[in-house]
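Here is what each chain is made of, one letter per residue.
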Amino acid sequence: MDKSNESSEMDAVSSRPVASHRSGRKKWLRIAKIIISIVVIVGLFFAVRSAVRQWQTERERVVRQIHEIDLQIAAADDSITTRSLKQQRTALRQSIPTLSTIRWSRIGLAALLYAAGTLVSAMVLRGWLAVLGHRPPVALVVAAQTLGHIGKYVPGKAMVVVLRVGVLKRCSVPVMPATICVFLETFMMMAVGAAVAGIVIVTLPVPVWMMVAAATGAVLASVPTLPPVLQIVATRLMRQTSELGSHAWLACGKGWAWSTLGWILIGSSFAMIVTAIPTAAPPSSIAQLLAIATASISLAMVIGFASLLPGGAGIRELVLTTILGLVTGPTHALLAAMMARMLFIAVECLMALIAWFFIQQRLEPIRHDICSVGQ
């Protein structure tokens, strides 16, 4: 009996460090989650504040231009000059958006189209996970992809990977394969976006550096997604032989198809925003507007991603104003860019919130053995 009691006491003592280690690990995980949440919220706050300030600055600039034209009209001494100035003033007044002049139904449709475009990219991520031998439930992949979007407003964009990989770990997807797949999805989306933009902008009088950026982005982002390159990278990082076979080529083809659909939806969303904001000179052709809107938003987001700035701040607006301004005018193009940034942030935050609640309430109880089976 004494030996039995002594043995149980020794087991209890030896289990204390393990329990203490687990408790300490859970504590640090909670702290890490809090820090990540704070960093993301701060990044979103600055992104929204920047967009609102730029919107206000552009409106104030237009108002000042109208005031200057009024002074010129008062000083004009011939009817031709006066008529020309009044036409300029009318055009500027019609370009000032107000709550009553914005077409909110089109803004709502733009929000739905953008949400659909972001959800499509989850299918690309799921395809690459399958190539590396992991088939988590579709709902988990969609939640991971959706939650990761808010990480791009943190400098460096690394938070995107942290958030998505963290969600995929809940379904026993190891960190390294999950990280590889997140990068592959991102690279493919950027490659397709640059290619789509390049097809359109070569017909437009845009700066040479934008054409070069589109071509370079398409090539550089495509290289890591090619199966021969992917096999070498996966073998070295995962420290085991990765025979990807024909599945990788199939995933690559499907990824380009899904990504193309995603960019078309996002481009359609931006086109709706452009038409929702009042302007004195609306585009003459819907087809032309859709093509240029898709090219401008895709290239703007690709270059913004490459800049590593939070949300591509400033870079995205420069590209959008340069390309879209060719058909709508620089003032209207900049206002559309500001509206797009605010709307996209709102949609991403709402979708991320829904994804977070889904993960907490629906996916938390799922057992690892069920997750490993997948659908």
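Residues numbered from 1 in each chain as written. Predicted model: local features only at pLDDT ≥ 70, side-chain atom pairs only at ≥ 80, totals over all residues. Heavy atoms only, no water.

**A look at the overall build of the protein chain**
Within the protein chain one finds 13 helices and zero strands. Shown N-terminal to C-terminal, the secondary structure of the protein chain runs as helices and strands in the order α-α-α-α-α-α-α-α-α-α-α-α-α. The buried share among the 375 residues of the protein chain stands at 45%. When the accessible area of the protein chain is evaluated, it comes to approximately 19,400 Å², of which 66% is carbon and sulfur surface. (Helix = DSSP H or I, 4+ residues; strand = E, 2+ residues; numbered from the N terminus. Buried < 20%, exposed > 50% of the residue type's maximum accessible area, 1.4 Å probe, protein only. Areas by Shrake-Rupley, 256 points an atom, 1.4 Å probe, with all protein chains shown as cover.)

**Section: the packing of aromatic side chains**
One pass over the structure, following the stated rule, counts three aromatic pairs. A ring pair is formed by Phe-183 and Phe-187, whose centres lie 6.0 Å apart and whose planes are at 35°; its orientation type is tilted. Of this pair, Phe-183 and Phe-187 both sit in helix α6 (residues 175-201), four residues apart, which is roughly one turn of that helix. The partly exposed category is assigned to Phe-187, whose relative accessible area is 26%. Seen from their ring centres, Trp-356 and Phe-357 are 5.1 Å apart, and the 75° between their planes marks the pair as edge-to-face. Residue Phe-357 is classed as partly exposed on the basis of its relative accessible area, which comes to 39%. (Phe/Tyr/Trp six-rings, centres within 6.5 Å; stacked < 30°, edge-to-face > 60°.)

**Here we look at the packing of helix α3 (residues 104-131) against α6**
Orientation of α3 relative to α6, taken along the N-to-C sense of each, is 135°, at an axis distance of 9 Å. It follows from the interaxial angle that α3 and α6 lie oblique. The way α3 lies across α6 gives a crossing that is right-handed. The segment α3 lies against α6, with Ser-121, Val-124, Leu-125, Trp-128 and Leu-129 engaging Ala-178, Cys-181, Val-182, Leu-184, Glu-185, Met-188 and Met-189. For the contact of α3 with α6, the per-class residue count stands at ten nonpolar, one polar and one charged. (Axes fitted to C-alpha atoms, helices over the stretch in contact; angles between N-to-C directions. Parallel < 35°, antiparallel > 145°, perpendicular 65-115°, else oblique. Left-handed = near helix turned anticlockwise from the far one by under 90°. Contact = heavy atoms within 4.5 Å. Nonpolar A, V, L, I, M, F, W, Y, C, P; charged D, E, K, R; others polar.)

**Here we look at the packing of α6 against helix α7 (residues 208-222)**
For any two helices packed against each other, the geometry is given by the interaxial angle and the distance between the axes. Where α6 meets α7, the axes come as close as 8 Å, and the angle between the chain directions of the two elements is 145°. For the pair α6 and α7, the sense of crossing is left-handed. Contacts from Phe-187, Met-190, Ala-191, Ala-194, Ala-195, Gly-198 and Ile-201 in α6 reach Met-210, Met-211, Ala-214, Gly-217, Ala-218, Ala-221 and Ser-222 in α7. In the contact of α6 with α7, the residues fall into eleven nonpolar, three polar and no charged.

**A short note on helix α5 (residues 158-168)**
Within α5, eight of the eleven residues are buried, which leaves it mostly tucked inside the rest of the structure. Listing the buried residues of α5 in full gives Met-159, Val-160, Val-161, Leu-163, Arg-164, Val-165, Val-167 and Leu-168.

**Here's the deal with α6**
When the terminal C-alpha atoms of α6 are compared, their 39 Å separation across 27 residues agrees well with the 39 Å that a helix rising 1.5 Å per residue should span. A large share of α6 lies buried, amounting to 21 of its 27 residues. (Expected span 1.5 Å × (residues − 1).)

**Some details on the pattern of salt bridges**
Applying the stated criterion across every chain yields a total of one salt bridge. In this structure, Arg-164 and Glu-185 form a salt bridge, with 3.5 Å as the shortest nitrogen-oxygen distance. Of this pair, Arg-164 sits in helix α5 while Glu-185 sits in helix α6, and the two are 21 residues apart along the sequence. A relative accessible area of 4% means that Arg-164 is categorised as buried. (Salt bridge = Lys/Arg side-chain N within 4 Å of Asp/Glu carboxyl O.)

**Brief notes about the side chain of Ser-269**
As for its placement among the helices and strands, Ser-269 is situated in helix α9 (residues 246-276). Among all residues touching Ser-269, those that are not within four sequence positions of it are Ala-110, Leu-113, Tyr-114 and Phe-344.

**Observations regarding the nonpolar core**
Core analysis: the largest hydrophobic core is formed by 88 residues, its most contacted members being Trp-128, Phe-270, Leu-299 and Ile-323. In terms of residue count, α6 provides more of this core than any other element does, 15 residues in total. Apart from the residues lying within four places of it in its own chain, the contact partners of Phe-270 are Ala-293, Ser-296, Ile-297, Leu-320, Leu-324, Ala-336, Ala-337 and Ala-340. (Core = buried A, V, L, I, M, F, W, Y, C linked by side-chain atoms within 4.5 Å.)

**So, the environment of Ile-273**
Tracing the backbone shows Ile-273 in helix α9. Residue class for Ile-273 comes out buried when judged on its relative accessible area of 0%. With 66 residues separating them along the chain, Ile-273 and Met-339 place their C-alpha atoms 7.2 Å apart. Those residues in contact with Ile-273 that sit more than four places away from it in its chain are Ile-107, Ala-110, Ala-336, Met-339, Ala-340, Leu-343 and Phe-344.

**Description of the confidence of the model for the protein chain**
Chain-level pLDDT for the protein chain is 76 on average; 70% of the residues reach the 70-or-more range. α3 holds the highest mean pLDDT among the elements of the protein chain, 92, whereas helix α13 (residues 368-373) holds the lowest, 45. Under a pLDDT of 50 for its full length, residues 366-375 has, in the predicted model, 15 contacts with residues more than four places off or in other chains. (pLDDT = per-residue confidence, 0-100.)

**Focus on the side chain of Thr-294**
Within the secondary structure, Thr-294 is located in helix α10 (residues 286-307). Take Thr-294: its relative accessible area is 8%, and that puts it in the buried class. In contact with Thr-294, not counting residues within four places along its chain, are Val-196, Trp-263, Gly-267 and Ser-268.

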